[in-house]
Amino acid sequence: MIDVKNLHKSFGPVHAVTDLSFSVAAGEVFGLLGPNGAGKTTTLRILATLLKPDRGQATVGGFDVLTQAEQVRSSIGVVNGGMGLYDRLTGREVLHYFGKLYRLTPPQIEARIEMLDALLELGDTLKRRCDEFSTGMKQKIVIARAVIHDPPIIFFDEATVGLDVMARRAVINFVKRYPSETRTVVYSTHVMSEVEELCDRAAIIYQGRLVALDNVAALKAQHGAKSLEQAFFAIVEGSQEVLA
Ligand SMILES: Nc1ncnc2c1ncn2[C@@H]1O[C@H](COP(=O)(O)OP(=O)(O)OP(=O)(O)O)[C@@H](O)[C@H]1O
Ligand SMILES: [Mg+2]
């Protein structure tokens, strides 16, 4: 569903993404794991067509990010930590507004809302105004809004930052349930435990480069590590020796 080949992106002297390649299959939760500044957001922004790569290719849902940006955008949903909502609208009104942007009819939007309510337990957020929402309530509506058009691919970028255990659980359960034979999730974070719990495979990115890519159990086994965190440090140390 996603195919990335030799992607490069620099900001002036900073090599944010260097020669990055990976693919994601349907049915997977694919982790993008790396410390602050590793290049995760830059990678996702390129895949979401918000940023052009300097070099390399990427297809998302079979569409090229450079030449078929419109089709890519209708195939994806994006959830990150800090997206604004319209204060004066209720959750339901927000979802209708965005559903209309995707050219859904009101009955189609209501059907989606019912489904998303079951998945995310939207509850009160549907009838209350966004300016009354807690952080967790906001994030539920942000997720529902991102998937109102039932996209085959969702990108999560640090989507649980600032959420308490309950709200975080709601996000994680949603991510677990979303993939299917025709759908996939890319989950970007620096929180190792979330990747361990959620992801089938993970790409570990460090200083813009891919330093490991495998299923989570294999990443741990290859380094005799009990946790992904232990494996991460072994991988990063190894890659520094190679780069030095
Ligand atoms: N618009 C920009 N202009 C200049 N430099 C940028 C820009 N966006 C990202 N960078 C730089 O590119 C590198 C990668 O940043 P990026 O945001 O992709 O990392 P990240 O893995 O998402 O980190 P975090 O975990 O902190 O979100 C960093 O060194 C960052 O300073
Ligand atoms: Mg980031």
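Use the structure listed above.
Residues numbered from 1 in each chain as written. Chains lettered and ligands numbered in written order. Predicted model: local features only at pLDDT ≥ 70, side-chain atom pairs only at ≥ 80, totals over all residues.

Colleague: Let's hear about the overall build of the protein chain: which residues, and what values?
Modeller: In terms of helices and strands, the protein chain carries nine helices and ten strands. With respect to the principal axes defined by its C-alpha atoms, the protein chain has extents near 55 × 40 × 35 Å. Considering the protein chain as a whole, with its 244 residues, one finds that 40% of them fall into the buried category. For the protein chain, the share of sequence-separated contacts (at least 6 apart) that also reach a separation of at least 24 residues comes to 67%. (Helix = DSSP H or I, 4+ residues; strand = E, 2+ residues; numbered from the N terminus. Buried ≥ 20, exposed ≤ 12 C-beta atoms within 10 Å, placed from the backbone. Contact = placed C-beta atoms within 7 Å.)

Colleague: Pulling in residues and values, what's your account of the sheet that holds strand 4 (residues 55-60)?
Modeller: Spatially, 2-1-4-5 is the arrangement adopted by the four strands of the open sheet, whose pairing is antiparallel. Where the open sheet ends on each side, the last strands, each with one partner, are strand 2 (14-24) and strand 5 (63-64). (Pairing = 2+ DSSP bridges.)

Colleague: Tell me about the site of ligand 1, and please be specific about residues and values.
Modeller: Around ligand 1 sit 13 residues, and of these Phe 11, Ala 16, Asn 36, Thr 41 and Thr 42 come closest. For the shell around ligand 1, the elements supplying multiple residues, two or more each, are strand 2 and helix 1 (40-47). Top element by residues in the shell around ligand 1 is helix 1. It accounts for three residues. (Near = placed C-beta within 6 Å.)

Colleague: Which residues make up the nonpolar core, and what values go with them?
Modeller: One recurring pattern in soluble globular proteins is that nonpolar side chains are buried together. Ranked by internal contacts, the top residues of the largest apolar core, which has 70 residues, are Leu 47, Ile 143, Ala 144, Ile 154, Phe 155, Tyr 187 and Ile 204. It is helix 5 (residues 135-146) that contributes the most residues to this core, six residues altogether. (Core = buried A, V, L, I, M, F, W, Y, C linked by C-beta atoms within 7 Å.)

Colleague: Lay out the pairing of strand 1 (residues 2-11) with the relevant residues and their values.
Modeller: For strand 1 and strand 2, the ladder comprises seven bridges, and the chain directions are antiparallel. Counterpart to Asp 3 in the pairing with strand 2 is Ser 23. A loop of two residues connects strand 1 with strand 2, the two strands running antiparallel in sequence, and Gly 12 in this loop sits at a positive phi of about 55 degrees. For strand 1 and strand 4, the ladder comprises five bridges, and the chain directions are antiparallel. Bridge pairing in strand 4 places Ile 2 opposite Val 60.

Colleague: Which residues make up the sheet that holds strand 7 (residues 153-157), and what are the values?
Modeller: Within a sheet, neighbouring strands are paired by backbone hydrogen bonds and run either parallel or antiparallel to one another. Overall, mixed pairing links the six strands, which are arranged 6-7-8-3-9-10 in an open sheet. A single partner strand is all that each edge strand has here, and the edge strands are strand 6 (76-80) and strand 10 (209-215). Pairwise comparison of adjacent strand axes, ignoring direction, gives a mean angle of 15 degrees for this sheet. Across five bridges, the pairing between strand 6 and strand 7 is parallel. Residue pairing for strand 7: Ile 76 is matched across the bridge by Ile 153. Across the sheet, helix 1 is in contact with strand 3 (29-33), strand 7, strand 8 (184-189) and strand 9 (201-206); its angle to strand 7 comes to roughly 155 degrees. Those strands touched by helix 5 are strand 6 and strand 7, and its axis lies near 165 degrees from that of strand 6. (Axes fitted to C-alpha atoms, helices over the stretch in contact; angles between N-to-C directions.)

Colleague: Tell me about helix 6 (residues 165-177), and please be specific about residues and values.
Modeller: Each full turn of the α-helix corresponds to 3.6 residues, which orients residues three or four apart in the same direction. Its 13 residues place the ends of helix 6 18 Å apart at the C-alpha level, agreeing with the 18 Å of an ideal helix rising 1.5 Å per residue. Buried residues of helix 6: Ala 170, Val 171, Phe 174 and Val 175, and no others. All buried residues of helix 6 project into a common sector of 130 degrees when viewed along the axis, lining one side. Residues of helix 6 that are exposed and point over 90 degrees away from its buried face: Val 165, Met 166, Lys 176 and Arg 177. Each element contacted by the buried residues of helix 6 is listed here: strand 3, helix 4 (106-120), helix 5, strand 7, strand 8 and helix 7 (192-198). (Expected span 1.5 Å × (residues − 1). Arc of directions from axis to C-beta.)

Colleague: Requested: an account of the packing of helix 3 (residues 91-101) against helix 5, with residues and values cited.
Modeller: Interaxial distance between helix 3 and helix 5 falls to 9 Å at its minimum, and their mutual angle equals 20 degrees. Judged by the inter-axis angle, helix 3 sits roughly parallel to helix 5. Like other packed secondary-structure pairs, helix 3 and helix 5 cross with a definite hand, here right-handed. The residues of helix 5 that touch helix 3, namely those facing Gly 91, Val 94, Leu 95 and Phe 98, are Ile 141, Ala 144 and Arg 145. (Parallel < 35°, antiparallel > 145°, perpendicular 65-115°, else oblique. Left-handed = near helix turned anticlockwise from the far one by under 90°.)

Colleague: Kindly report on helix 1, identifying the contributing residues and their values.
Modeller: Of all eight residues in helix 1, seven are buried; the element is thus mostly enclosed. Turning to helix 1, its buried residues number three or more, namely Lys 40, Thr 42, Thr 43, Leu 44, Arg 45, Ile 46 and Leu 47. Just downstream of helix 1 lies Thr 49, where phi reads positive at about 65 degrees.

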